[in-house]
Amino acid sequence: MSGKENMRELILASNSPRRKEILSKAGYVFGVKVSRFSEIGYGDPIETAEQNALGKAEDVFSYEGEKVVLGADTVVFAGGKILGKPADGKAAKDMLEFLSGKTHLVITGYAVIYPGGKVCGHDVSEVTFNVLSEEVINAYVASGSPLDKAGAYGIQDPFPIVAAYSGSINNIIGLPIEKIAPLLEKALKK
């Protein structure tokens, strides 16, 4: 790309440390503005993830209009249910027990909004959990790590939670940069 002066500023509409890390590792310089949008469950996991991502991006774009805004939302879908972030330790324990030994989907919706354009999409990965002992679940919940993650887990956490996965690990962590990067390249050019 030619010169920084021909580039729009990128804003991430999320305070997720994992999303920030993925964007940084991909070489993006960006600001962070936390959206005031309240996440909603739409029933369908793909629609939920995409609409929440769009709502977050639209909220931030409403006051950052000349910039590129990236919104994202990750949901875990298992047994016909959408699992978001657990409300507390008991909810985290219940989710981990529910996912133990099973395969589920991780869906991240994303939205890129910029002057003159808006693109939404999603990515889907599949994750299979180990059969989790009560000791592992209790230690993991006690660490506090599950409380800010959809499905009450992070594949990157140092606990023996995940047996296998297919698809993008970045998607599972919370930002499918492989799908988003081409959209950002186009949106960031003035």
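What counts, and where the lines are drawn
Residues numbered from 1 in each chain as written. Predicted model: local features only at pLDDT ≥ 70, side-chain atom pairs only at ≥ 80, totals over all residues. Heavy atoms only, no water. Core = buried A, V, L, I, M, F, W, Y, C linked by side-chain atoms within 4.5 Å. Buried < 20%, exposed > 50% of the residue type's maximum accessible area, 1.4 Å probe, protein only. Helix = DSSP H or I, 4+ residues; strand = E, 2+ residues; numbered from the N terminus. Phe/Tyr/Trp six-rings, centres within 6.5 Å; stacked < 30°, edge-to-face > 60°. Arc of directions from axis to C-beta. Contact = heavy atoms within 4.5 Å. 1 Å grid on protein atoms, 1.4 Å probe; cavity = no way out; pocket = protein on both sides within 12 Å on 5 of 7 lines; lining within 4 Å. Points joined across faces, edges and corners; volume = space filled by probe spheres on them. Nonpolar A, V, L, I, M, F, W, Y, C, P; charged D, E, K, R; others polar. Pairing = 2+ DSSP bridges. Polar contact = N/O pair within 3.5 Å; in protein donor to acceptor, adjacent residues only side chain to side chain.

Structural notes on the nonpolar core
Next, step 1: If you look at the biggest cluster of nonpolar residues, it comprises 20 residues, and the most contacted ones within it are Val76, Leu96, Leu99, Phe129 and Tyr153.
Next, step 2: When contributions to this core are tallied by element, the ones reaching two or more residues are strand 3 (68–78), helix 3 (89–99), strand 6 (117–129) and helix 4 (134–142).
Next, step 3: For this core, the leading source of residues is helix 3, giving four residues.
Next, step 4: Counting residues in hydrophobic clusters, the runner-up holds 18 residues, among them Leu23, Val112, Ile177 and Leu184.

Focus on the packing of aromatic side chains
Given two aromatic rings, their pairing is described by the distance between the two centres and the angle made by the two planes.
Next, step 1: Counted by the stated rule, this structure contains two aromatic pairs.
Next, step 2: Judged by centre distance (4.7 Å) and plane angle (85 degrees), the rings of phenylalanine 129 and tyrosine 153 are edge-to-face. In this pair, phenylalanine 129 sits in strand 6 while tyrosine 153 sits in the loop between helix 4 and strand 7 (162–166), placing the two residues 24 residues apart along the sequence. For the residue pair phenylalanine 129 and tyrosine 153, the accessibility class agrees, reading buried in each case.

Details of helix 4
Next, step 1: If you check which residues of helix 4 are buried, you get Ile137, Tyr140 and Val141. Along the long axis of helix 4, the arc covered by the buried residues comes to 95 degrees, so they all point the same way. In helix 4, the exposed residues that point more than 90 degrees away from the buried face are Glu135 and Ala142.
Next, step 2: As for helix 4, its buried residues are in contact with helix 3.

As for the layout of surface pockets
Next, step 1: Of the voids in this model, the largest pocket is the one considered here, and its volume is about 580 Å³.
Next, step 2: For the largest pocket, the lining is made up of 33 residues, of which Arg19, Glu39, Lys56, Asp73 and Lys85 are closest to its centre.
Next, step 3: At four residues, the largest contribution of residues to the lining of the largest pocket is made by strand 3.
Next, step 4: Grouping the constituent residues of the lining of the largest pocket by class yields 13 nonpolar, 12 polar and eight charged.

Observations concerning helix 1 (residues 17–25)
Next, step 1: Looking at helix 1, one finds that the buried residues are Arg18, Arg19, Ile22 and Leu23. Each buried residue of helix 1 sits inside an arc of 130 degrees when the element is viewed along its axis, so together they form one side.
Next, step 2: On its buried face, helix 1 sits against strand 1 (10–12), strand 2 (30–32), helix 2 (45–61), strand 3, helix 5 (169–173) and helix 6 (177–188).
Next, step 3: Just past helix 1, the residue glycine 27 takes up positive phi, approximately 95 degrees.

Focus on the pairing of strand 3
Next, step 1: Counting buried positions along strand 3 yields 10 of 11 residues, so the element is predominantly enclosed.
Next, step 2: Here strand 1 runs beside strand 3; their pairing, made up of three bridges, is parallel. Bridge assignment links leucine 10 to a residue of strand 3, and that residue is valine 68.
Next, step 3: Of the strand pairs in this sheet, strand 3 and strand 5 (residues 103–114) are connected by nine bridges, and their pairing is antiparallel.

Details of the side chain of serine 168
Next, step 1: On the secondary structure map, serine 168 appears in the loop between strand 7 and helix 5.
Next, step 2: A polar side-chain atom of serine 168 sits 3.2 Å from the main-chain amide nitrogen of asparagine 170.
Next, step 3: For serine 168, the residues in contact, after removing those within four places along its chain, are Asp123, Ser125, Pro176 and Glu178.

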